[in-house]
Amino acid sequence: MLKNIVTKLIITSLLVSSVLFYYFQTPYCGAVFDSVRRNILNGLPLDTIEELQAKRSVTLLDLCQMPISKLNRSLTKLAMPKPDHPGEAKAFRHLYKLSQDNKINVDELQKVQPQMHDLRRQNYADAGSNTMSWQSLGPGNIGGRIRSVAFDPDDSSHIYIGSVAGGIWSSKNSGDNWQPQDDFMTNLSVSSIIFDPNNSDVMYAGTGEGVFNTEQIRGLGIFKSTNKGQTWNALFSTQDNTDFYWVNRLASRNNDSAVIAATHTGIFVSNDGGVNWSKTYQGRSNDVDVNPDNDNKLVAGTWSGLLYSQDSGLSWIVAQGLEHINNARIETAYAHSNTDVVFASVDHNSGELWKSNDGGLSYQLINSGLSYLGVQGWYDNALWVDPLNENHLIIGGIDLWRSTDGGVNFSKISTWWQAPHSAHADHHFIIHHPDYDGVNNQRLFFANDGGMYETPDISVAKGGTGWKELNNNLSITQFYSIAVSRSGKLIGGAQDNGTLVYKGDSEKWRDIHGGDGGFSAADPNDERYLYGEHVYLRLHRSSDGGASTQSIYTDDMINDKPNFIAPFILDPNNANRMLAGSRQLWLSNDVKAVNPKWTSIKVATEGLSPISAIAIPSSDSNTIYIGHNDGSLFKTDNATAQQPEWIDISGANLPQRYLTRITVSPVNKNILFISFGGYEEDNLWLSTDGGLNWNSSTGSELGPLPPAPIRAIAIHPIDHNWIYIGNEVGIFTSNDYGRNWTLEPSAPANVSIDELAWGDNAILYAATHGRGIFTANTNSVIPDAFYFEDKLDAPINSLIESEKKVIRGLIDNSSIAIVNGEYSKNCTGNYTNTAGYINNGDTLCLRHQSAEKHEMKVTTELKLGLLAFTFQSQTTTNITPNVSNNKSGGSIPIISLILLTIMLGLKLKNPVN
């Protein structure tokens, strides 16, 4: 009887184990216990796997190991690759710059910078901010897209970088920290920087990102510095010259310091320091290199093949071997140890390496089939040749590949999804340290979409080993948005760098959702709930303060052809209610639900123009204002009805171009500002009667706004006469409700301001597209908001201390009090719970005793002037992990269970006495 029972138990256990084993099996990765990954893997057909390998640098091992967010990012990028030439997609940011005729008004654009120069020389009317109030919040650890790097010839520890939207930065300690150089250059889109080989005080910078990615930024020619980059001036010969709108690469001849420029229209040579230029080649060009041993010889990569010059760049010959290549980006590099050898990285067949043994006259195919460029070699394409060893090369696209046999064989040395432990994705420039010797110094530096990375020893760098991230205070992140929680926690969407969260430390911003970020929102009452989006309205939500995210969009929303960066907002009167715009307006009344329901409450416009702006008054959920790409404007006063009624309030005098922003008065729902794109003089309008009538609000002759696209509007929450706008070139303030405007002189650099948002107590935040996030305290009687990081997994019954916080924004000293804890002024270690006072610039630390039981919270409240801050700890868990929750993948746990069952059965069947 017992024997039969044991036999049945064994058989049952084996059957159950087998069922479980096969249930958890996935293609490519074996048994996977993480249900999210398992569902994704089970839904991937073989052709998608092959495409991930060929186009996104994702191996089978990566599929099994990479974080889910990174895997989803790869699948999204695969479905929506970057456009492979400028005609395939209209750049989203380009839409902001177009006038009604779908062209850029060049005449008005050229007025912007002279007007900015005049405004900086004028006194300004204070609108609550002052010259001491603005500060950068970073991100100092995220970085942004960099396309050029140069070393000071006089100091090998001094590095310069050119960012595509944040200007020129330098580090005097090999990247341990960075400082911006001349924040108010008239253009901060830097694509190439070089030193004069005969005068190290002279530098040149090419502006304009000419690879034509979706958010390309137009330049204003070539700039020159005569004081090692401290200040820059545009070369007059290139300033308003269409040939120099996009300067892709600069080079210089060694003997006579002549400058050669590869631009979107051709190759140009100047023999007099940039005063005059000769066009020596007609056609789109991305790279040019001078032979390091002979100034008469040059090579160039164009979109129609490779070129060779034997007369210092005055004329060009088409190189042989690549005649079949057309409309493809090509990068070139000389082998300095043997200048007869030239390599070319060609955006053909997902990446090909070609080699010349005759100095660039003819080329032979060396390597094809790696797919190192994927489908975006037009966008990221980097090439480096060891200056001492022609057989040692690195090529870069999404990831980096290294060869030690002249390019015949390559091995992948970086893994983008492991960043910052490996190099970030999308490589644009590679350079070695000036003291590189191939033995004792093997330092290489990499510029990519994530900023600056270094490998201290290229011979050992591989995967997540041997890399060093150098984004130390390098605040060049390109934000689209920012939102602020009640405690000062920030969430923002960034180009190339996902959705980011800030909790009080500029060096510890965190990516909570990969890909390109878009609009953002923060629950005003519950800081656990944060919202962001990936492109085309792929909304996501965090319900744990940014620790994890979940998608909350539907296919109907993203199939409705929204903008690349599509607007969504939380109803300020109801945090469960969210509105999102594609061509229709989508509403969710349960946005905190596991799977929110979405319904359309506004049909598409007749012209099917996408929604570009949404606003709800803070006093009435029934009123909604909606703007569109074509400038049309709609309003409803019964938005909570099942089918709201919409009226067109597009006044006859309003522009018919991209409507960028709608901002409603915090005290009157019928008072609102709207703004438009385009380089035009009528970009800001005011209505005081709910949109029935409109008046231009761009200022008087004494204080006008420059004719630049406006991206952000903010009305002061206390003094409603104070208005702030962010446009393509900075922040402007008005203290008389928009009748006159002045440039905010201490505000962020000469950079696009994409959003302005208010935190508690009149703290203003500015999201810039190229210089990160800035904040200003517009109320001098209270300190700037800050945030104490919670201490989770705290030991039981222990003293728990907060990190240090510097108090900023105070004019006079402020009162301080503590509840359920102690504070230390200037963090000397002397703690007290007695009320006192604190001054601007003082440092503050908090502490308390943690709970006496597991998983219990203790909260300390700090009262600082009119603000309240909290510091919280939670004691460790006391639950033994369940083996069935293992999420590492693999079939070992199931196999072990089967073996254990068999062994137990055998033991019961044949007991040992």
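Residues numbered from 1 in each chain as written. Predicted model: local features only at pLDDT ≥ 70, side-chain atom pairs only at ≥ 80, totals over all residues. Heavy atoms only, no water.

K.L.:
Can you walk me through the overall build of the protein chain in this structure?
P.N.:
The number of helices and strands found in the protein chain is 10 helices and 67 strands. Residues counted as buried form 59% of the 913 residues belonging to the protein chain. Within the protein chain, counting contacts between residues at least 6 apart in sequence, those at least 24 apart form 53% of the total. Here the protein chain displays about 35800 Å² of accessible surface, and carbon together with sulfur accounts for 49% of that area. (Helix = DSSP H or I, 4+ residues; strand = E, 2+ residues; numbered from the N terminus. Buried < 20%, exposed > 50% of the residue type's maximum accessible area, 1.4 Å probe, protein only. Contact = heavy atoms within 4.5 Å. Areas by Shrake-Rupley, 256 points an atom, 1.4 Å probe, with all protein chains shown as cover.)

K.L.:
Please clarify how the environment of Trp316 should be interpreted in this entry.
P.N.:
The topology assignment puts Trp316 in the loop between β18 (305-309) and β19 (317-318). Sequence-distant contacts of Trp316, defined by excluding residues within four places in its chain, comprise Ile267, Thr280, Tyr281, Val288, Leu298, Val299, Ala300, Leu307, Tyr308 and Ser309. Only 3.0 Å separates the side chain of Trp316 from the side chain of Thr280, close enough to count as a polar contact. (Polar contact = N/O pair within 3.5 Å; in protein donor to acceptor, adjacent residues only side chain to side chain.)

K.L.:
Explanation requested: the pattern of salt bridges in the structure shown.
P.N.:
Opposite charge on two side chains permits pairing when their charged atoms draw close. Tallied over the entire structure, the rule returns 32 salt bridges. For Lys412, the salt bridge is made with Asp62, and the minimal N-O distance between the two is 3.9 Å. Of the two residues, Lys412 is situated in strand β27 (residues 411-412) and Asp62 in helix α4 (residues 60-65); the sequence distance between them amounts to 350 residues. With its nearest N and O atoms 3.8 Å apart, the salt bridge here joins Asp511 to Lys70. With a gap of 441 residues between them, Asp511 in strand β35 (residues 510-513) and Lys70 in helix α5 (residues 68-79) connect regions that are remote in the sequence. Classification of Asp511 as partly exposed rests on a relative accessible area of 30%. Residue Lys70 is classed as buried on the basis of its relative accessible area, which comes to 15%. Salt bridges sharing partners connect three or more residues here, namely Lys97, Arg711, Glu728 and Asp754. (Salt bridge = Lys/Arg side-chain N within 4 Å of Asp/Glu carboxyl O.)

K.L.:
Just checking my understanding: could you explain the pairing of strand β42 (residues 585-588) for this structure?
P.N.:
On a regular strand, each side chain points to the face opposite its neighbour's, so the side chains alternate between the two faces of the sheet. Here β42 shows a buried face lined by Leu585 and Leu587 and a second buried face lined by Trp586 and Ser588. Bridging between strand β41 (residues 574-581) and β42 involves 4 bridges; their strand directions are antiparallel. Counterpart to Met578 in the pairing with β42 is Ser588. Hairpin connection of β41 to β42: 3 residues between the antiparallel strands. (Pairing = 2+ DSSP bridges.)

K.L.:
What is the right way to read the side chain of Asp34 from this model?
P.N.:
With respect to the secondary-structure elements, Asp34 resides in the loop between β2 (30-31) and α2 (35-42). There is a polar contact of 3.0 Å between the side chain of Asp34 and the backbone nitrogen of Val36.

K.L.:
Just checking my understanding: could you explain the sheet that holds strand β48 (residues 659-664) for this structure?
P.N.:
The strands making up a sheet are joined through hydrogen bonds of the backbone, oriented either antiparallel or parallel. Strand order in the open sheet formed by 4 strands is β48-β49-β50-β51, and the pairing between neighbours is antiparallel. Since the sheet does not close on itself, it has two edges, and those belong to β48 and β51 (695-696), each with one partner.

K.L.:
Got a minute to help me understand the state of the cysteines in this structure?
P.N.:
Here is the idea: a disulfide is a covalent bond, and it sits between the sulfur atoms of two cysteines. Summed over all chains, the structure comprises 2 disulfides. In this model Cys29 forms its disulfide with Cys64; the gap between the sulfur atoms is 2.0 Å. The chirality of the disulfide connecting Cys29 with Cys64 is left-handed, given an S-S dihedral of about -90°. Highlighted residues: Cys29 in the loop between β1 (25-26) and β2 and Cys64 in helix α4, separated in sequence by 35 residues. Exposure remark for Cys29: the relative accessible area of 12% places this residue in the buried category. Across the disulfide from Cys827 sits Cys845; the S-S distance is 2.0 Å. The sign of the 100° torsion about the S-S bond sets the Cys827-Cys845 disulfide as right-handed. In this pair, Cys827 is assigned in the loop between β63 (822-825) and β64 (836-838) and Cys845 in strand β65 (residues 843-849), connecting sequence segments 18 residues apart. A residue is classified by how much of its surface remains accessible, and Cys827, at 18% relative accessible area, is buried. The class for Cys845 is buried, based on a relative accessible area of 5%. What connects to what in the protein chain, once the bonded cysteines are numbered by sequence position, is 1-2, 3-4. (Disulfide = S-S within 2.5 Å.)

K.L.:
Which parts of the structure should I look at to understand the pairing of strand β38 (residues 538-542)?
P.N.:
When you tally the buried positions in β38, you get 5 out of 5 residues, the bulk of the element. Covered by surrounding structure in β38 are Arg538, His540 and Ser542 together with Leu539 and Arg541, the residues of both alternating faces. Where strand β37 (residues 530-534) meets β38, 5 bridges bridge the pair, whose relative direction is antiparallel. Its bridge partner lying in β38, Gly532 is registered against His540. Between β37 and β38, which follow one another and run antiparallel, lie 3 residues, and Tyr536 among them has a positive phi close to 60°. Of the strand pairs in this sheet, β38 and strand β39 (residues 550-551) are connected by 2 bridges, and their pairing is antiparallel. Directly across from His540, in β39, lies its bridge partner Ser551.

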